[in-house]
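# Chain and residue survey
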Amino acid sequence: MNNKINQFVVLLKAALGLFLSISFGMFLFVLFFEPFPLERFELNSSVVFVAGIAAIAFTIMSLVRITLPWMIQKYDQHQFDPLLPPYANSFLIFILTLLSLAFYIQYVGDIALNILILFKTAIISLFPPISLWLHDLIKGLKQERKALQEEIELYQGKVKKYEDNHHSKEVEFSTDSQYETLKLLISDVAFAKSADNYVELVYKEGEELKSKLLRNTLKNIEQQLKPHPGFIRCHRSYIVNIQYVQKLSKDQNSHWLRILGYKDNIPVSRQYLLNIREAL
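Let me sum up the structure you'll find in this document. This one's a predicted model, so the numbers in the text were calculated from it and none came from an experiment.

Reading the values: the criteria
- Residues numbered from 1 in each chain as written.
- Predicted model: local features only at pLDDT ≥ 70, side-chain atom pairs only at ≥ 80, totals over all residues.
- Heavy atoms only, no water.
- Phe/Tyr/Trp six-rings, centres within 6.5 Å; stacked < 30°, edge-to-face > 60°.
- Helix = DSSP H or I, 4+ residues; strand = E, 2+ residues; numbered from the N terminus.
- Buried < 20%, exposed > 50% of the residue type's maximum accessible area, 1.4 Å probe, protein only.
- Lys NZ or Arg CZ within 6 Å of the ring centre and 35° of its normal.
- Arc of directions from axis to C-beta.
- Polar contact = N/O pair within 3.5 Å; in protein donor to acceptor, adjacent residues only side chain to side chain.
- Salt bridge = Lys/Arg side-chain N within 4 Å of Asp/Glu carboxyl O.

### Notes on the packing of aromatic side chains
- In this structure the tally under the stated criterion is 7 aromatic pairs.
- Between the aromatic rings of phenylalanine 103 and tyrosine 107, the centroid separation amounts to 4.8 Å while the plane-to-plane angle is 40 degrees, which identifies the pairing as tilted. Placement of both phenylalanine 103 and tyrosine 107 in helix 3 (residues 86-108) is noted, with a separation of 4 residues, approximately one turn of the helix. Like tyrosine 107, phenylalanine 103 is exposed.
- Put simply, the rings of Phe191, Tyr238 and Tyr262 pair up and form one aromatic cluster.
- Note that arginine 215 overlies the ring of tyrosine 198, its terminal NZ or CZ placed 5.5 Å from the centroid.

### Focus on helix 4 (residues 115-125)
- Within helix 4, the full set of buried residues consists of Ile117, Thr121, Ala122, Ile124 and Ser125. All buried residues of helix 4 fall inside an arc of 165 degrees around its axis, so they share one side. Helix 4 presents Ile115, Leu116 and Phe119 as exposed residues on the side facing more than 90 degrees away from its buried surface.
- At the N-terminal boundary of helix 4, the capping side chain belongs to asparagine 114, with an oxygen 3.1 Å from the backbone nitrogen of leucine 116.

### Observations regarding the pattern of salt bridges
- Evaluated as defined, the whole model comprises 3 salt bridges.
- Between lysine 210 and glutamate 205 there is a salt bridge; the shortest N-O distance is 2.8 Å.
- The class for lysine 210 is partly exposed, based on a relative accessible area of 36%.
- The exposure class assigned to glutamate 205 is partly exposed, which follows from its relative accessible area of 40%.
- A salt bridge links glutamate 222 to arginine 233, with the nearest nitrogen and oxygen atoms 2.9 Å apart.

See the structure below:
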């Protein structure tokens, strides 16, 4: 039994600030805008009467959102679902608030009920369910945003880990006769250029770009680089590491790439232009 009571206290404390804020907002609204005739009340009496309206709203919100679910279902101390769907939950709070306020206004405030008074009472009764609905909506959006952010961070971590592992790998380029080889880190290869019966490999060494000619075909080099993402053909004579591309430029008739640390432009063929744009 004590655990059951402690559970109720925990749930009420979690919602206490929200319920008090909504009730206090109703108190200020009724007190300053005076939707009901309060002329016959003295100042202190009118404040007490309006405080009763706020207390009714607080009680009904606590009843529908906390007490009834706590009595009917078993919940974890820190998390539980509403007893009814959101729209039914809001409608129940509205109806109970409207009936309670109508009774309170007529029999406690001794204010005769007419169509205008009932209309004002209905408008005021909408305040708690709408406020709770907005609160739940904002809370849900924040939770979705947090979940998406965590998911993005998870994928970013996986991508970074993959890239770190990938860039730390080496690739060994060789001549077609296998007599000469060049071993480089994947992250150091800037681009490869076809040069007749040779391939010019441009790579980073220290803070500078250097090049080396290997007797091979660009097609063979492309096959060696294919398992490593980030390398893309931009021209029939060029394969570039997208990490070294500074920008894509164009004039009326052609496109070209600027490579970090390299003085010459790298041409881009029309057939590869879309792939380059997507990669950048």
